[in-house]
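Understanding the architecture of this molecule
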Amino acid sequence: MNAPAKFVIGSRESKLAVIQSEMVMDYIRRTSPQTEVSLLTMKTTGDIILDRTLDKVGGKGLFVKELDRALLDKRSDLSVHSLKDMPMEVDEQLPIVGFSKREDPRDVLVLPEGTDHLNFEKPIGCSSLRRILQLKELFPQAEFKSVRGNVLTRLRKLDEGQYSALVLAAAGLKRLGLEKRISRYFEPEEIIPSAGQGILSLQGRKGMDYHFLSGFTDETATYAALAERAFVRYLNGGCSSPVAAHARITNGSITLLGLYYNEETGEYIKGAKEGPAAEAEKLGESLAKELKMKLEGE
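Residues numbered from 1 in each chain as written. Predicted model: local features only at pLDDT ≥ 70, side-chain atom pairs only at ≥ 80, totals over all residues. Heavy atoms only, no water.

**Thoughts on helix H5 (residues 129-138)**
- Buried within H5 we find Arg130, Arg131, Ile132, Leu133, Gln134 and Leu135.
- At the N-terminal boundary of H5, the capping side chain belongs to Ser128, with an oxygen 3.3 Å from the backbone nitrogen of Arg130. (Buried < 20%, exposed > 50% of the residue type's maximum accessible area, 1.4 Å probe, protein only. Helix = DSSP H or I, 4+ residues; strand = E, 2+ residues; numbered from the N terminus. Polar contact = N/O pair within 3.5 Å; in protein donor to acceptor, adjacent residues only side chain to side chain.)

**So, the environment of Ala221**
- Note on placement: Ala221 falls in helix H8 (residues 219-234).
- Take Ala221: its relative accessible area is 3%, and that puts it in the buried class.
- C-alpha of Ala221 to C-alpha of Tyr163: the two residues are 58 residues apart in sequence and 34 Å apart in space.
- Other than its neighbours up to four places away in sequence, Ala221 contacts Ser100, Lys101, Arg102 and Ile199. (Contact = heavy atoms within 4.5 Å.)

**Description of the side chain of Glu228**
- Along the polypeptide, Glu228 turns up in helix H8.
- A polar contact of 2.9 Å, which involves the side chain of Glu228, links it to the side chain of Arg102.
- Excluding anything up to four places from it in sequence, Glu228 contacts Arg102, Ala195, Gly196, Gln197, Ala245, His246, Ala247 and Leu256.

**Examining the packing of H8 against helix H9 (residues 280-296)**
- Relative orientation of the contacting elements H8 and H9 amounts to 35 degrees, with a least axis distance of 7 Å. Relative to H9, H8 is oriented so that their crossing is right-handed. Between H8 and H9, the contacting residues are Tyr223, Leu226, Ala227, Ala230, Phe231, Arg233 and Tyr234 on the first element and Ala280, Glu281, Gly284, Glu285, Leu287, Ala288, Lys289, Leu291 and Lys292 on the second.
- Among the residues forming the contact of H8 with H9, the class breakdown is 10 nonpolar, 1 polar and 5 charged. (Axes fitted to C-alpha atoms, helices over the stretch in contact; angles between N-to-C directions. Left-handed = near helix turned anticlockwise from the far one by under 90°. Nonpolar A, V, L, I, M, F, W, Y, C, P; charged D, E, K, R; others polar.)

**Digging into the sheet that holds strand S2 (residues 36-42)**
- Ordered by their spatial adjacency, 5 strands build an open sheet running S2-S1-S3-S10-S4, and the pairing between neighbours is mixed. If you trace the sheet from one side to the other, it starts and ends with S2 and strand S4 (96-99), each paired once. Here the average twist between neighbouring strands, direction ignored, is 25 degrees.
- Examined bridge by bridge, S4 and strand S10 (residues 200-203) share 3 bridges and lie antiparallel to one another. The partner of Gly98 across the bridge, within S10, is Leu202. (Pairing = 2+ DSSP bridges.)

**Describing the environment of Ile192**
- As for its position among the elements, Ile192 is in the loop between strand S9 (182-186) and S10.
- Separated by 60 residues in the primary sequence, Ile192 and Ile132 place their C-alpha atoms 11 Å from one another.
- In this structure Ile192 touches Arg130, Gln134, Ala244, Ala245, His246, Leu257, Gly258, Leu259 and Lys270, once residues within four positions along its chain are discounted.

**Side note on the pattern of salt bridges**
- For the structure on display, the rule yields 21 salt bridges.
- For Asp26, the salt bridge identified is with Arg29, shortest N-O distance 3.6 Å. With Asp26 and Arg29 both in helix H1 (residues 15-31) and 3 residues apart, this pair spans about one turn of that helix.
- The partly exposed category is assigned to Arg29, whose relative accessible area is 42%.
- Ionic pairing is found between Lys289 and Glu285, a salt bridge with its closest N-O pair at 3.7 Å. In this pair, Lys289 and Glu285 are both assigned in helix H9, 4 residues apart and thus about one turn of the helix distant. (Salt bridge = Lys/Arg side-chain N within 4 Å of Asp/Glu carboxyl O.)

**With respect to H9**
- Its 17 residues place the ends of H9 24 Å apart at the C-alpha level, agreeing with the 24 Å of an ideal helix rising 1.5 Å per residue.
- Those residues of H9 that fall on the buried side of the exposure criterion are Ala280, Leu283, Gly284, Leu287, Ala288, Leu291 and Leu295. Viewed end-on, H9 has its buried residues packed into an arc of 135 degrees, placing them on one side of the element.
- Looking at the packing, one finds that the buried side of H9 touches H8, strand S12 (253-261) and strand S13 (268-276).
- Just downstream of H9 lies Gly297, where phi reads positive at about 65 degrees. (Expected span 1.5 Å × (residues − 1). Arc of directions from axis to C-beta.)

**A look at the nonpolar core**
- Ranked by size, the top nonpolar core spans 21 residues in total, and within it Phe231, Val232, Ile254 and Leu256 carry the most contacts.
- A total of 6 residues in this core trace back to one element, the largest contributor, which is H9.
- For Leu256, the residues in contact, after removing those within four places along its chain, are Ala227, Glu228, Phe231, Ala245, His246, Ala247, Gly271, Ala272, Lys273, Leu283, Gly284 and Leu287.
- Residues Ile9, Tyr27, Val80 and Leu202 belong to the second largest nonpolar core, which totals 16 residues. (Core = buried A, V, L, I, M, F, W, Y, C linked by side-chain atoms within 4.5 Å.)

**What about the packing of aromatic side chains?**
- The tally for this structure, following the rule as stated, stands at 5 aromatic pairs.
- Note on Phe7 and Tyr210: the rings are 6.4 Å apart at their centroids and 75 degrees apart in plane angle, and the pair reads as edge-to-face. With Phe7 in strand S1 (residues 6-12) and Tyr210 in the loop between S10 and H8, this pair connects stretches of sequence that are 203 residues apart.
- The class of Tyr210 is buried, set by a relative accessible area of 9%.
- Among the aromatic residues, those joined into a ring-pair cluster are Phe7, Tyr210 and Phe212. (Phe/Tyr/Trp six-rings, centres within 6.5 Å; stacked < 30°, edge-to-face > 60°.)

Below, the structure written as structure tokens:
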């Protein structure tokens, strides 16, 4: 399958989003040099509303709404998203057509420049209840304060002294060339990452052929994405809901870690389950059912 003569990729306009889209653009230029590929960037509602946490203004969909519209209007042919920003339910007119190879999926601690220890007199910058729940196990004495904005904005706020540290995704820092800012990696057993963390999702338009992107997509990441998203989907976990899932794939087998939080009681539970990679979605749903039953006895 040859790539079309012209191909437009839609992206949020943050530096990280553009770098991620350029990874796909570079692949197309390398494998389909006859294609004229261009980038259409835009601010999404999630990039504009920064004074409230995501659960107060509509969750994950705020980062994809404008890009979805561009795809439907045929102003763009593909959207590149961080998979963890994608809603669990996707418009059937705009299917996910591929998942990239996974970057480091772990969460990390970032200290202010020139600092080598955590100062508990200032809050840790963290907007995710998923992270806060698990960080409290590691740092029971810590306070937490919401931090919004793109990665570079958050780092500026940290270095200005507003926070003692930030907790961010390793993948974003590495793609931005800021790996040196990482002070500590949290293994998934310490902090289970957000479902899909480190994977890019390629969202296309129904009826369009994307086979020319098959060399960019990755089978291992696809199995991981399917298991993690099935786990979260079963539990109705949105961006604000502290549900977490992380899959490791070895020799055709998946080990899935999951966290389920009951919003009514404030209790949460972690668990793990293994199974064949080919049954990724079934495994995700099965672990979700088990954890929900253990916590709620239903």
